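Residues per chain are reported as follows:
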Protein chains: 2
Amino acid sequence: MTEQGPAAGRGPGTGRDTGSGRVRLRLLAEGRPPREVSVPPGVSVFEAASWNGVAIDSTCGGHGTCRKCRIRVTARGADDGNGVSATGEAGDPGDLGEAGDPDGAGCPVPVSRLDPRAFGPEQLREGWRLACLARAVSDLEVEIPPLATRPKAATVGVGRQVILRPAVQKRYVELAEPTLTDQTPDLERLLAALDDLEPVPDLHAVRAAGKVMRAADFKVTAVVVDDVLIDVEPGDTSGSRYGVAFDLGTTTVVATLLDLSSGTPVAVRSMLNLQQPSGADVISRISATMLDPSALDRLRDAARETMDQLAREVCEEGGVSPGHVYEVALAGNATMVQLALGIDPEPLGVAPFVMATRALPALLASDLGLRLHPRARAVVLPALGAYVGGDIVAGVLASGMDRDRRLRLFIDVGTNCEIVLGPFEGRAGRLLATAAPAGPAFEGAQIRCGMRASAGAIETVRLTPSVELGVIGDVAPAGLCGSGLVDAVAELLRVGLLDRSGRFVPEAQAVRLAPELAGRLTTVGGERVFTLAGDVFLSQRDVRELQFAKAAIATGWRLLLAEYGAAESEIQQVLLAGSFGSYLSPASAVRVGLVPDLALPRIVSAGNVAGEGAKLALLSVQERAGALALLEEIHYVELSDRPDFNDRFVDLLAF
Amino acid sequence: MTEQGPAAGRGPGTGRDTGSGRVRLRLLAEGRPPREVSVPPGVSVFEAASWNGVAIDSTCGGHGTCRKCRIRVTARGADDGNGVSATGEAGDPGDLGEAGDPDGAGCPVPVSRLDPRAFGPEQLREGWRLACLARAVSDLEVEIPPLATRPKAATVGVGRQVILRPAVQKRYVELAEPTLTDQTPDLERLLAALDDLEPVPDLHAVRAAGKVMRAADFKVTAVVVDDVLIDVEPGDTSGSRYGVAFDLGTTTVVATLLDLSSGTPVAVRSMLNLQQPSGADVISRISATMLDPSALDRLRDAARETMDQLAREVCEEGGVSPGHVYEVALAGNATMVQLALGIDPEPLGVAPFVMATRALPALLASDLGLRLHPRARAVVLPALGAYVGGDIVAGVLASGMDRDRRLRLFIDVGTNCEIVLGPFEGRAGRLLATAAPAGPAFEGAQIRCGMRASAGAIETVRLTPSVELGVIGDVAPAGLCGSGLVDAVAELLRVGLLDRSGRFVPEAQAVRLAPELAGRLTTVGGERVFTLAGDVFLSQRDVRELQFAKAAIATGWRLLLAEYGAAESEIQQVLLAGSFGSYLSPASAVRVGLVPDLALPRIVSAGNVAGEGAKLALLSVQERAGALALLEEIHYVELSDRPDFNDRFVDLLAF
């Protein structure tokens, strides 16, 4: 027992609590080429395989109760004394040392308390384990038996193929009726009939069980969310289980009704956040709560009303009873989440910018004011910090940044712009994140003819050299939205009417460089402007606003690159997230310097990744665990106390 | 690893899932004689020691977080190959076989996932373990280090000395304020400061934390119940933690406010259950819900109003803010519990008499309609069956029947009479329980001059040969309550006016046997009666009613004795429980044959043991676990389908 191979030969980063690296798993599934993946130490083999698209049998979703996720663990590199570490289940590997080998066979994964229910002593010695309880705290080789059933999968997020393992499960059972010789209590009778799940009933289920069982001739469907039995329904309702994913944006809220059996979106609706009258951005809403003691309740209720209205709309559109929605997932920035839950947001709005908690406890949908199944659960995507919220964690999850070796840059452009860079294999924070105060220019605020991206907004601008405008809603141009602003500036730079310092060139120079456009350079109120259409123009100060915004963002991603000593050219993909990101022209974004100067196909609009992350959380408990694991994988870099921030910012103001 | 000693030499009953026996622990505490105790297999060494009054250091209450409950496990009888079984934590010992020895030292308790945080490899090899995670699945010898602190204890129940380990804990902490270089979220800052507890916050605590921390200069008290952080209070409130124990009787409800820091009762109040107008006993209340669909809600609300009123009264009497009551415990029969929770009681009232569940999930006090701390928890004592409820489990707990080798008989006399007999060492059901339908005679119902035990009720009767009556409330006799009924019949038997068949003797014989009393034998409405005082009399039919009641009870305990092949004379103590039991004269109870014919000092009034059991659950999480363990220790014997019941019943009608 004491001749354990030394832990030498592993990198310094495989200890779980150092957070400095990952462990490697070699997954051997019959009939498929071996697959090597790396995951944060401490995650289960089941999660590790799921995250990388490798299916392992399971019907309980990873609670150790179905005993189907059988794998065989082989010590990797055991014969050369390299990489084998015997460690306690989820314990600190270092402390346990050589005392954690439970079966004398050198298996690096100890026998969990449930393994003996699934395997005999001989199998345990051979390294058989339940994958959902086998924690990878050192490098492992894992054999995965052929699948007994083909798992369902869906494509979600940025082209991610996700194995469906929703927390919501249903089981139809036909029970024996009680007799004087079998007085088993109602709930125990029901629970005994669930052969792959061992949920704890909540009071609602306790109240329902006896009545429903008797009314339905003891033919009932158990409704389980995670490890809680939330209801007992008459007859076979197992085909009907739904969830709603919310992207709770500061401006817009999107709800997607998902069929959890198939992973299919049934209905999608969006609307403006009803909190809008209290302010356009998070800071103004936080300020509102600081000025008026009743504002927190009002904002909470507005968020709830928004979500509840959307939930009812998607249910109606999908023809689904709200009582068959058993779980919701919510991705939002920290302020939106705290307001929706009635948590005072003041500490988020003033230095040192502190949030209430990164990960919220298990909640009910009713805690968010939603009128769905009375015991529907709510899962809130965890947040990294006050300005890198659950929406960004959801986005990183949906884009699979951490499961991929390409160096990628994720930018969610907005008033507060969140930036994530990574991964860097073998580094302490494998992903780096920061928030850059871009200001409201992209929302059309502080821009002379600025407006939201709604009917009448100019969203694209091309100078060919005639002025070609794309206008939302096929109406006459009424103003300029964020993507139109970026386009306008980029095009004026290209044709030379703006110089690299951001100044409109003198009239003579304009006439020389772009004779067809020079006539549009004029002045309004003493300020030089470029007329786009009718009375819609771009002013010199508008250009300055954009310069401040893009400099803040570029400073953010450049500081993250510097933190890792990586060059701009090493970035393999830029993901533009959020609704604004979807409309931004990659070419213009490069030209104004908002994003690194990469070949355009490498700059990708990722769409509404926050909403996709919320969907993932509903469709797979492993993905949900992955979101939590991201908190350990992403290191947050605070810009506001960086001494080099201002110097870099000033350097980056020019185009 | 494979030369494990055989499991031979142990009795067949030490496997956990057979339920056929107990495991023995030899507890070695410095400076005290060795102590041998037996407990159900699978309980923790910490619980086993606590139940037997042996203290082990702990501040977290047994959640594996304080790491103070250090013990050293020695394989008992290891050198003779006897009694050592290496088993997985809480697993099925048989399945694991010899594969469960985690450290090569022959220690029968595997290393738990938290042990490596508390001990180094050398200590683990020497058998050091955390007692709260060390499950006793085989016989063990355990060394207990000297205590670092002297644990508080209180005397509760039938003279039980209980170590105080309430689920409600408070910790006062002074936190560092956040800065730009330390943006730790509020809750994580608080949780990190709790060095011996690792609770999960609930939403209420998440909402409170930031506001309270900032308002109180980051000097706050964390309120933890079990493993949940339920609140954050400003300043140091650690001295103020209270609980309310309820004995929810069909007739009377008793509430005791307990100071959980000292175990002291602060105030006690009782009142009639406000459900009374819907029926005197459980069957009539169940019937009410079957006849009227609104009755369940009405009865639920009546129970809640009763408890809430009592809770406010004890808080007021004790000068304690209801917001400082963080937990309640409730002992009641299955019908009372189901009604209070709004669970349809119909299946309890009709064959085959099925309850909703034996053990209820974690509840909030607000689920019981109580207006205390908004997140106060509620623990309901588990029930064995429809007619052996949580009140009886509480009573057995409070009397310590299972922790004692004396053969004892527990009788809770009432309309439904619950009987528990045991323990029998080495038997499958170490304790046997049954319910006997005694009928309402003891409540004064069906008795011509019967009444409740209230002012004017004759509660004692002595024929010396003059008639000496004890009357409740020092007023003129108005009727006969249960204890008076038993006394009257017993005395009439003693003086010979009733014969052994229960018939009043002929007048001539009466004059000869008891000349001073014979004149009181007369007739009312054609029925022979014995006049006790004024117009209060005992009729021939009243005697018959008592005969039916006592025969039902005696049949119950005799069948339990027969089940074990034990004789009446082997019983070492009879515990008369419930409020009626407190007033019953042991001599009269023996004379009428209600209890076995033992020397009178062996027949003990145990008082309100249900309420005492509820107190125990509040004062010690180990006692609460003990109540759950009782469900496995007590075997329920259903009388209604016993073919020998009627024969025995008829035999026992005579006195």
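Because the structure is a prediction, the values reported are computed rather than measured.

Participant: Is there a simple way to think about the overall build of chain A in this case?
Facilitator: When its secondary structure is counted, chain A shows 19 helices and 29 strands. Here the C-alpha radius of gyration of chain A, 28 Å, is about what a compact globule of 655 residues would show, namely 26 Å. Along the first, second and third principal axes, the C-alpha set of chain A runs to 100 × 65 × 45 Å. Counting all 655 residues of chain A, 60% fall into the buried class. Contacts spanning at least 24 positions in sequence make up 66% of the contacts within chain A whose residues lie at least 6 apart.

Participant: Can you help me understand the side chain of Ser58(A) in this one?
Facilitator: Residue and element names in this part refer to chain A. With respect to the element layout, Ser 58 can be found in the loop between helix 1 (45-51) and strand 3 (70-75). Accessibility expressed as a relative area gives 11% for Ser 58, which makes it buried. Polar side-chain contacts of Ser 58 include one of 3.3 Å to the backbone nitrogen of Gly 61.

Participant: Is there a simple way to explain empty space enclosed by the protein in this structure?
Facilitator: Where empty space is left becomes clear once a probe the size of a water molecule has been rolled over the atoms. All names here are of chain A. Overall, the coordinates contain eight cavities of 30 Å³ or more when judged by the stated rule. Estimated volume of the second largest cavity: approximately 110 Å³. Around the second largest cavity, the lining comprises 15 residues; the ones closest to its centre are Val 337, Met 355, Thr 357, Arg 358 and Leu 360. When residues of the lining of the second largest cavity are assigned to their parent elements, the largest contribution, three residues, is made by helix 9 (residues 334-340). Partitioning the lining of the second largest cavity into residue classes produces 10 nonpolar, four polar and one charged.

Participant: Explain the side chain of Arg430(B) here, please?
Facilitator: All names here are of chain B. Examined against the element boundaries, Arg 430 turns out to sit in the loop between strand 19 (416-422) and strand 20 (431-437). Using a relative accessible area of 2% as the deciding quantity, one classes Arg 430 as buried. Within the structure, the side chain of Arg 430 is placed 2.8 Å from the side chain of Glu 633, a separation counted as a polar contact. Here Arg 430 is in contact with Arg 22, Asp 402, Leu 421, Gly 422, Pro 423, Phe 424, Glu 425, Tyr 564 and Glu 633, once residues within four sequence places are set aside.

Participant: What exactly am I supposed to notice about the environment of Tyr326(B) here?
Facilitator: Residue and element names in this part refer to chain B. Relative to the assigned elements, Tyr 326 resides in strand 15 (residues 325-332). Given the relative accessible area of 0%, Tyr 326 is considered buried. Each C-alpha atom of the pair Tyr 326 and Gln 169 lies 9.4 Å from the other, and the pair is 157 residues apart in sequence. Ignoring anything within four residues of it in the chain, the contact list for Tyr 326 reads Val 168, Lys 170, Val 223, Val 225, Ile 230, Glu 233, Ser 240, Arg 241, Tyr 242, His 373, Ala 376 and Arg 377.

Participant: Honestly, the pattern of salt bridges in this entry has me stumped. Any pointers?
Facilitator: In a structure, side chains of opposite charge can pair up when their charged atoms sit close to one another. Taken as a whole, this structure holds 81 salt bridges over all chains when the rule is applied. Here Glu623(B) ties to Arg403(B) by a salt bridge, and the two come within 3.1 Å at their closest N and O atoms. Placement of Glu623(B) in helix 19 (residues 621-633) and of Arg403(B) in the loop between helix 11 (390-399) and strand 18 (408-412) is noted, with a sequence separation of 220 residues between them. Per residue, the accessibility class of Glu623(B) equals that of Arg403(B), and both read buried. Each of Arg22(A), Arg160(A), Asp402(A), Arg403(A), Arg430(A), Glu623(A) and Glu633(A) takes part in a single network of salt bridges with overlapping partners.

Participant: Got a minute to help me understand the pairing of strand 14 (residues 264-272) of chain B in this structure?
Facilitator: Walk down a regular strand and you will see the side chains alternate between the two sheet faces. All names here are of chain B. Sheet analysis places strand 13 (residues 252-259) next to strand 14, joined by eight bridges and oriented antiparallel. Counted as the bridge partner of Ala 255 is Arg 269 from strand 14. The turn joining strand 13 and strand 14, which pair antiparallel and follow one another in sequence, is formed by four residues; a positive phi near 80° is taken by Gly 263.

Participant: Is there a simple way to explain the sheet that holds strand 16 (residues 363-364) of chain A in this structure?
Facilitator: Through backbone hydrogen bonds, the strands of a sheet pair up, either in parallel or in antiparallel fashion. Residues and elements named next belong to chain A. Spatial strand order, 14-13-12-15-17-16: six strands in an open sheet with mixed pairing. If you trace the sheet from one side to the other, it starts and ends with strand 14 (264-272) and strand 16, each paired once. Pairing analysis gives seven bridges linking strand 12 (residues 242-248) to strand 13 (residues 252-259), with the strands arranged antiparallel. Paired with Tyr 242 across the two strands is Asp 259, which belongs to strand 13. In the packing of helix 17 (residues 609-619) onto the sheet, contacts are made with strand 12, strand 13, strand 14 and strand 15 (325-332), and the angle to strand 12 comes to roughly 150°.

Participant: Whenever I open this one, the packing of helix 12 (residues 482-495) of chain A against helix 14 (residues 540-564) of chain A confuses me. Can you help?
Facilitator: Between two packed helices, what matters for the description is the angle formed by their axes and the separation of those axes. Residues and elements named next belong to chain A. Axis separation between helix 12 and helix 14 bottoms out at 11 Å; the angle between their running directions is 105°. As judged from the angle between their axes, helix 12 and helix 14 are roughly perpendicular. Seen from helix 12, the contacting residues are Leu 485, Val 486 and Val 489; seen from helix 14, they are Asp 542, Val 543 and Leu 546. A breakdown of the residues in the contact of helix 12 with helix 14 according to their chemical character gives five nonpolar, no polar and one charged.

Participant: How should I be thinking about the packing of aromatic side chains in this particular structure?
Facilitator: Each pair of aromatic rings is reported with the distance of its centres and the angle of its planes. Overall, the coordinates contain 12 aromatic pairs over all chains when judged by the stated rule. A ring pair is formed by Phe353(A) and Tyr387(A), whose centres lie 5.9 Å apart and whose planes are at 80°; its orientation type is edge-to-face. Taken together, the positions of Phe353(A) in the loop between helix 10 (346-349) and strand 16 and Tyr387(A) in the loop between strand 17 (377-380) and helix 11 (390-399) put the pair 34 residues apart, joining distant regions of the chain. By relative accessible area, Tyr387(A) is classed as buried at 14%. Taking 6.0 Å as the distance between ring centres and 25° as the angle between the ring planes, the aromatic pair formed by Phe548(B) and Phe649(B) counts as stacked. Here Phe548(B), found in helix 15 (residues 540-564), pairs with Phe649(B), found in helix 20 (residues 645-651); they are 101 residues apart in sequence, far enough to count as distant.

Participant: Where do I start with the nonpolar core in this structure?
Facilitator: One broad rule of soluble globular proteins: the nonpolar side chains tend to lie buried together. Core analysis: the biggest nonpolar cluster contains 115 residues, and Val220(A), Phe246(B), Met307(B), Val325(B), Val328(B) and Leu368(B) have the highest contact counts within it. Ranked by the residues each element gives to this core, the list is headed by helix 8 (residues 295-318) of chain B, at eight residues. Among residues more than four places away in sequence, those in contact with Val328(B) are Val244(B), Phe246(B), Ala365(B), Leu368(B), Leu370(B), Leu372(B), Arg377(B), Ala378(B), Val379(B) and Leu618(B). Of all hydrophobic cores here, the second largest spans 114 residues; its members include Val228(A), Leu258(A), Ala394(A) and Tyr636(A).

Participant: Please clarify how the domain arrangement of chain A should be interpreted in this entry.
Facilitator: Often, the extent of an interface is quoted as the loss of accessible area upon association of its parts. Residues and elements named next belong to chain A. The assigned domain composition of chain A is domain 1 (23-149), domain 2 (168-234), domain 3 (242-380), domain 4 (401-439 + 546-651) and domain 5 (442-542). The C-alpha-based centres of domain 4 and domain 5 are spaced at 28 Å. On the domain 5 side, the residues contacting the 18 residues of domain 4 number 16 residues. Three residues stand out in domain 4 for area buried against domain 5, namely Leu 546, Phe 580 and Arg 591, and they jointly supply 42% of the buried area on that side. Linking domain 4 to domain 5 there are zero salt bridges. For the pair domain 4 and domain 5, the interface holds three residue pairs in polar contact (both at pLDDT 80 or more). Of all elements in the fold, only helix 14, helix 15 (578-583) and helix 16 (586-592) reach the threshold of two or more residues within the side of domain 4 that touches domain 5.

Participant: Would you mind going over helix 18 (residues 609-619) of chain B with me for this structure?
Facilitator: Note that an α-helix has 3.6 residues per turn; residues three or four places apart therefore point the same way. Along helix 18 of chain B, 11 of the 11 residues are buried, which leaves the element largely enclosed by surrounding structure. If you check which residues of helix 18 of chain B are buried, you get Val609(B), Ala610(B), Gly611(B), Glu612(B), Gly613(B), Ala614(B), Lys615(B), Leu616(B), Ala617(B), Leu618(B) and Leu619(B).

Participant: I'm lost on the environment of Arg67(B) in this one. Help?
Facilitator: Residues and elements named next belong to chain B. Tracing the chain through its elements places Arg 67 in the loop between helix 1 (45-51) and strand 3 (70-75). Considered as a pair, Arg 67 and Val 206 are 139 residues apart in the sequence and their alpha carbons are 26 Å apart. With sequence-adjacent residues up to four places away left out, Arg 67 is seen in contact with Arg 117, Ala 118, Leu 130 and Glu 198.

Participant: Sorry if this is basic, but what is going on with the sheet that holds strand 25 (residues 527-533) of chain A here?
Facilitator: Residues and elements named next belong to chain A. Here three strands make up an open sheet; going across it, the order is 24-25-26 and the pairing antiparallel. The two strands at the open ends of the sheet, each matched to only one other strand, are strand 24 (521-524) and strand 26 (536-539). Each adjacent strand pair in this sheet contributes to an overall mean axis angle of 50°, direction not counted. Relative to strand 25, strand 24 is paired through four bridges, and the arrangement is antiparallel. Within strand 25, the residue paired with Thr 522 across the bridge is Val 529. Seen against the sheet, helix 14 touches strand 25 and strand 26 and runs at an angle of roughly 60° to strand 26.

Participant: I would appreciate a short explanation of the confidence of the model for chain A in the present structure.
Facilitator: Regions with low pLDDT carry predicted coordinates that are not meant to be interpreted in detail. Residue and element names in this part refer to chain A. Averaged over every residue, the pLDDT of chain A is 89; the share at 70 or more is 92%. Across residues 1-20, where pLDDT falls below 50, the model places 43 contacts with residues more than four positions away in sequence or in other chains. Counting interchain partners and residues more than four positions distant, the pLDDT-below-50 stretch residues 77-104 has 89 contacts. Listed scores for the predicted complex are pTM 0.89 and ipTM 0.88.

Participant: In this structure, what is going on with unusual backbone geometry? I would like to understand it.
Facilitator: Most peptide bonds adopt trans geometry, and most residues besides glycine take a negative phi value. All names here are of chain A. At the junction of Ala 351 and Pro 352, the peptide bond is cis and its omega measures out at 5° in the coordinates. Locating Pro 352 in the fold gives a position in the loop between helix 10 and strand 16. Backbone torsion omega between Thr 464 and Pro 465 reads 5°, so that peptide bond is classified as cis. Examined against the element boundaries, Pro 465 turns out to sit in the loop between strand 21 (457-463) and strand 22 (467-471).

Cut-offs and rules
- Residues numbered from 1 in each chain as written.
- Chains lettered and ligands numbered in written order.
- Predicted model: local features only at pLDDT ≥ 70, side-chain atom pairs only at ≥ 80, totals over all residues.
- Heavy atoms only, no water.
- Helix = DSSP H or I, 4+ residues; strand = E, 2+ residues; numbered from the N terminus.
- Rg over C-alpha atoms; globule rule 2.2 N^0.38 Å.
- Buried < 20%, exposed > 50% of the residue type's maximum accessible area, 1.4 Å probe, protein only.
- Contact = heavy atoms within 4.5 Å.
- Polar contact = N/O pair within 3.5 Å; in protein donor to acceptor, adjacent residues only side chain to side chain.
- 1 Å grid on protein atoms, 1.4 Å probe; cavity = no way out; pocket = protein on both sides within 12 Å on 5 of 7 lines; lining within 4 Å.
- Points joined across faces, edges and corners; volume = space filled by probe spheres on them.
- Nonpolar A, V, L, I, M, F, W, Y, C, P; charged D, E, K, R; others polar.
- Salt bridge = Lys/Arg side-chain N within 4 Å of Asp/Glu carboxyl O.
- Pairing = 2+ DSSP bridges.
- Axes fitted to C-alpha atoms, helices over the stretch in contact; angles between N-to-C directions.
- Parallel < 35°, antiparallel > 145°, perpendicular 65-115°, else oblique.
- Phe/Tyr/Trp six-rings, centres within 6.5 Å; stacked < 30°, edge-to-face > 60°.
- Core = buried A, V, L, I, M, F, W, Y, C linked by side-chain atoms within 4.5 Å.
- Domains from an automatic or database assignment.
- Buried area = accessible area lost by both parts, 1.4 Å probe.
- pLDDT = per-residue confidence, 0-100.

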